[in-house]
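Overview (structure and organization)
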Amino acid sequence: MNAPFPILTALVVLPLVAALVLWLVKPLREHARVFGLVVSGLVLGLAVFAATQFDLGNAGQVQLVEQVPWIPAIGASYALGVTGLGLAMILLATFLVVVVMIAREPGEGGPDWLWITLVLVLESVMVAVFAARDVFLFYVLFELMLIPVYFLIGIFGGPDRRRAAVKFLLYSLAGGLIMLLGVIALYNYGPGGTDAYLIDSLAGNITASSMAENLLFVSFFIAFAIKAPMVPVHTWLPDTAQQADSGTSTLLVGVLDKLGTFGMITLCLPLFPGASRWAAPVIIAFAVISIIYGGLVALAQKDFMRLTAMTSVSHFGFIVLGIFIGSSVAMTGSMLYMIAHGVSTAALFLTLGFLEKRGHSQWIPTYRGMQRITPVLAGTFLIAGLASIALPGLSGFVPEWLVLTGTFQVNFWVAIIAVFGVIIAALYILMPYQRMFTGPREEGIQGAADLNVREKAAITPLVIAALLLGFVPAPALDLVRPVAERAVMVIQTDPVTTVAQATEESGK
């Protein structure tokens with residue numbers, strides 16, 4: 001379905017042009033905060049307009065399509081389009097950019113204009129990569145995304161920011177280079193022609209042998225597993241979250257890390273259905289390990305930014321489990337989980353960022369009795385934490401329930417192990433709350449102020465979004481459910497396929 005006008009291109013170009021203007025027009029830098037907020041608000045408004053042009057009844061189909069030749073010699077094209085999942089991720093990305101623009105404290109860690117410029121560039125790339133329908137274009141955007149994130153961490157992060165930025169870059173580049181091999185190989189195994197890299201043309205048309213298809217799948221999956229992040233390629237995330245400013249961490253974990261699971265759904269499954277079935281048992285095992293290991297390591301953390309990062313490792317385990325378990329119910333839950341986790345983790349990172357500004361430390365033992373001093377901040381942390389551990393009525397409940405329900409339909413024992421992750425989650429949120437916010441006041445933070453108007457303005461939309469996703473999840477479910485049903489149909493013929501069946505097929 002073609003767009004009435006190039007809406008997606010406009011979403012890509014507007015923040016990019018605004019960033020260029022802010023970079024070149026020096027007098028404008030004095031008003032960078034207002035400029036950035038206005039531009040990001042316009043981008044969010046345009047994304048909402050795109051949603052009004054989207055046919056919800058056909059959310060599983062690619063819509064708002066734009067396509068022109070880019071590099072005809074290799075069959076690469078500038079092809080944009082979104083399913084319900086892609087649209088949901090674009091809405092999430094543009095929403096969170098507005099939130100972090102509001103949340104940023106003037107002059108925090110460096111010049112406002114440079115931070116805003118980099119965030120606007122990042123917003124442009126985020127929209128483009130979630131809309132890309134050409135594998136080569138997707139890969140280019142996947143790598144371009146590293147540039148603004150690297151500088152956001154390296155310039156505006158903590159005292160060990162350069163090491164964290166380099167570690168993030170090395171992990172991401174390693175995954176990207178492995179994926180590049182797969183992108184190049186697709187040209188030989190795909191149908192060729194002028195649309196050699198178009199996802200819709202490649203789906204179901206890979207002519208590789210089973211061994212070659214498996215290797216292609218692995219080359220893509222490793223890159224996405226690093227991005228997700230999954231155990232054991234997750235170690236870049238705690239260092240990055242510890243050193244990056246809270247706004248950068250919000251966008252990185254709330255949106256960009258979802259690119260890993262988004263790629264698994266939109267590239268790995270349709271391009272390599274046989275290899276997806278072949279690898280499913282191993283991936284499910286690593287997903288369960290991520291759930292338990294991420295939760296246990298989070299429990300052991302005394303740095304609250306590292307703790308939040310490790311909780312995300314556990315949450316991504318649930319998402320990956322839902323993708324590969326072989327149930328449309330679990331797949332729907334995973335897609336909704338991507339949205340819900342973006343909201344709850346954004347609220348956690350921003351709230352903890354506000355706390356760090358008051359205590360000048362990320363060390364949990366530094367804070368005690370803060371509930372008496374900053375009750376609104378304490379309450380906000382508790383709401384965000386409860387949303388992340390799937391309290392009924394908040395954003396995390398419905399997706400986690402769907403993932404576990406779908407998993408129980410497929411494999412009882414995998415689901416039982418995953419349930420322990422839910423128990424651990426309650427501990428890694430409630431115990432830090434007890435240590436930081438309850439008890440007697442500490443002398444060093446007696447004069448701390450509660451959330452100011454700007455901070456409340458940033459966190460309120462996230463609390464509202466968490467409540468809406470908890471009590472009124474139907475609109476988000478309507479966006480992603482058709483996509484989930486199509487994704488599951490690509491890799492199996494029965495609505496529920498057990499892991500044992502998948503293992504048997506891989507043996508054949």
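Residues numbered from 1 in each chain as written. Predicted model: local features only at pLDDT ≥ 70, side-chain atom pairs only at ≥ 80, totals over all residues. Heavy atoms only, no water.

Here's the deal with the pairing of strand 2 (residues 76-82)
Keep this limit in mind: Burial classes: relative accessible area under 20% of the type maximum marks a residue as buried, over 50% as exposed, and values in between as partly exposed (1.4 Å probe, protein chains only). Every helix listed is a DSSP run of H or I at least four residues long, and every strand listed is a run of E at least two residues long, numbered separately from the N terminus. Pairing between strands is defined by DSSP: at least two bridges between them are needed.
By the criterion of burial, strand 2 is predominantly enclosed, with 6 of the 7 residues buried. Both strand 1 (residues 63-71) and strand 2 contribute to a ladder of 6 bridges, which runs antiparallel. In the strand pairing of strand 2, I71 is matched with A76. Turn length for the strand 1-strand 2 hairpin, with the two strands adjacent in sequence and antiparallel, is 4 residues, and the turn residue G75 shows positive phi of about 80 degrees.

Looking at the packing of helix 12 (residues 258-271) against helix 14 (residues 304-324)
Condition: Axes here refer to lines fitted to C-alpha atoms; in helices the fit is confined to the stretch in contact. Angles between the N-to-C directions go from 0 to 180 degrees. Should an angle fall under 35 degrees it is called roughly parallel, over 145 degrees roughly antiparallel, and 65 to 115 degrees roughly perpendicular, with every other angle called oblique. Note on definitions: a residue-residue contact is assigned when non-hydrogen atoms from the two residues lie within 4.5 Å. Under this grouping Gly is polar, as are all residues other than the nonpolar Ala, Val, Leu, Ile, Met, Phe, Trp, Tyr, Cys and Pro and the charged Asp, Glu, Lys and Arg.
Remark: helix 12 packs on helix 14, axes separated minimally by 10 Å, with the N-to-C direction vectors making an angle of 10 degrees. In terms of axis orientation, helix 12 runs roughly parallel to helix 14. On the side of helix 12, the interface is formed by K258, T261, M264, I265 and L269, while helix 14 contributes F316, I319, V320, I323 and F324. Among the residues making up the contact of helix 12 with helix 14, the classes are represented as 8 nonpolar, 1 polar and 1 charged.

Quick word on the packing of aromatic side chains
Keep this limit in mind: Aromatic rings from Phe, Tyr and Trp, with only the six-membered ring used for Trp, were paired whenever their centres fell within 6.5 Å, and each pair was classed as stacked if the ring planes differed by under 30 degrees, edge-to-face if by over 60, and tilted otherwise.
Scanning the entire structure with this criterion turns up 23 aromatic pairs. Their ring planes at 35 degrees and their centres at 6.1 Å tell us that Y187 and Y197 sit as a pair that is tilted. Here Y187, found in helix 7 (residues 161-189), pairs with Y197, found in the loop between helix 7 and helix 8 (199-202); they are 10 residues apart in sequence, far enough to count as distant. Residue classification places Y187 among the partly exposed residues on the basis of a relative accessible area of 37%.

Points about the side chain of D303
Here is the rule we go by: Charge counting follows a simple rule: Lys and Arg are positive, Asp and Glu are negative, and His as well as the terminal groups are ignored. What makes a salt bridge here is a side-chain nitrogen of Lys or Arg within 4 Å of a carboxyl oxygen of Asp or Glu, nothing more. A 3.5 Å cut-off defines polar contacts: any pair of N or O atoms within that distance qualifies, except that in protein one atom must be a possible hydrogen donor and the other a possible acceptor, and neighbouring residues in sequence count only when both atoms are side-chain atoms.
Inspection of the secondary structure puts D303 in the loop between helix 13 (273-300) and helix 14. Of the side chains bearing the opposite charge, R306 lies closest to the buried D303, which forms no salt bridge; the N-O distance is 5.9 Å. Only 3.1 Å separates the side chain of D303 from the backbone nitrogen of R306, close enough to count as a polar contact. For D303, the residues in contact, after removing those within four places along its chain, are Q242, Q362, W363 and I364.

Points about the environment of V313
Counting through the fold element by element, V313 comes out in helix 14. For V313, a relative accessible area of 0% corresponds to the buried category. For the pair V313 and N214, spaced 99 residues apart in sequence, the C-alpha separation works out to 25 Å. For V313, the contacting residues outside a window of four places in its chain are P229, V231, H234, L237, S290 and G294.

Section: the pattern of salt bridges
It is possible for side chains bearing opposite charge to pair when their charged atoms get close. Throughout the structure, instances matching the rule amount to 8 salt bridges. Here D200 makes a salt bridge to R133, at a shortest N to O gap of 3.1 Å. One end of the pair, D200, is in helix 8; the other, R133, is in the loop between helix 4 (112-131) and helix 5 (135-144), and 67 residues separate them in sequence. Given a relative accessible area of 11%, R133 falls into the buried group. By sharing partners, the salt bridges in this structure join D160, R163, K167, D239 and R306 into a single network.

Thoughts on the nonpolar core
Defined as follows: Remark: nonpolar core denotes a set of buried residues (Ala, Val, Leu, Ile, Met, Phe, Trp, Tyr, Cys) joined through side-chain atoms within 4.5 Å.
Counting 189 residues, the largest nonpolar core has V135, L186, F220, F324 and L462 as the members making the most contacts within it. At 17 residues, the largest contribution of residues to this core is made by helix 15 (residues 328-359). When neighbours within four sequence positions are excluded, V135 is seen to be in contact with V183, L186, Y197, I199, L202, F220, L267 and L271.

Details of the confidence of the model for the protein chain
Threshold: Confidence of the predictor in every single residue is expressed as pLDDT, which spans 0 to 100.
This prediction gives the protein chain a mean pLDDT of 89; 94% of its residues lie at or above 70. Considering each helix and strand of the protein chain separately, the mean pLDDT is smallest for helix 22 (residues 499-507), with a value of 38, and largest for helix 3 (residues 84-103), with 96. Low pLDDT (under 50) marks residues 493-508, which in the prediction has 24 contacts with non-local residues, meaning those over four places away or in another chain.

Observations concerning helix 6 (residues 146-156)
Along helix 6, the residues classified as buried are L146, P148, V149, L152, I153, G154 and F156. As for helix 6, its buried residues are in contact with helix 4, helix 5, helix 7, helix 9 (210-227), helix 10 (236-243) and helix 11 (246-256).

Here we look at unusual backbone geometry
A cis amide bond, omega -10 degrees, links A228 with the succeeding residue P229. When you line up the elements, P229 lands in the loop between helix 9 and helix 10. Here the residue pair V231 and P232 is connected by a cis peptide bond, since its omega of 10 degrees sits within 30 degrees of zero. Note on placement: P232 falls in the loop between helix 9 and helix 10. Backbone geometry places L64, a non-glycine residue, at a positive phi of 55 degrees. The class of L64 is buried, set by a relative accessible area of 2%. Although it is not a glycine, A390 sits at a positive phi angle of roughly 70 degrees. As for its placement among the helices and strands, A390 is situated in the loop between helix 17 (375-388) and helix 18 (397-410). Overall, A390 belongs to the buried group, its relative accessible area being 11%.

With respect to the packing of helix 2 (residues 32-52) against helix 3
To keep it simple, the criterion reads: Handedness of a helix crossing follows the sense of rotation of the near helix relative to the far helix, less than a right angle counterclockwise being left-handed and clockwise being right-handed.
Put simply, helix 2 and helix 3 touch, their axes get as near as 9 Å, and they point 160 degrees apart. In terms of their interaxial angle, helix 2 and helix 3 are classed as roughly antiparallel. Helix 3 is crossed by helix 2, and the crossing has left-handed handedness. On helix 3, the residues that touch R33, G36, L37, S40, G41, V43, L44, A47, V48 and A51 of helix 2 are L87, I90, L91, T94, F95, V97, V98, M101 and I102. Considering only residue class, the contact of helix 2 with helix 3 consists of 14 nonpolar, 4 polar and 1 charged.

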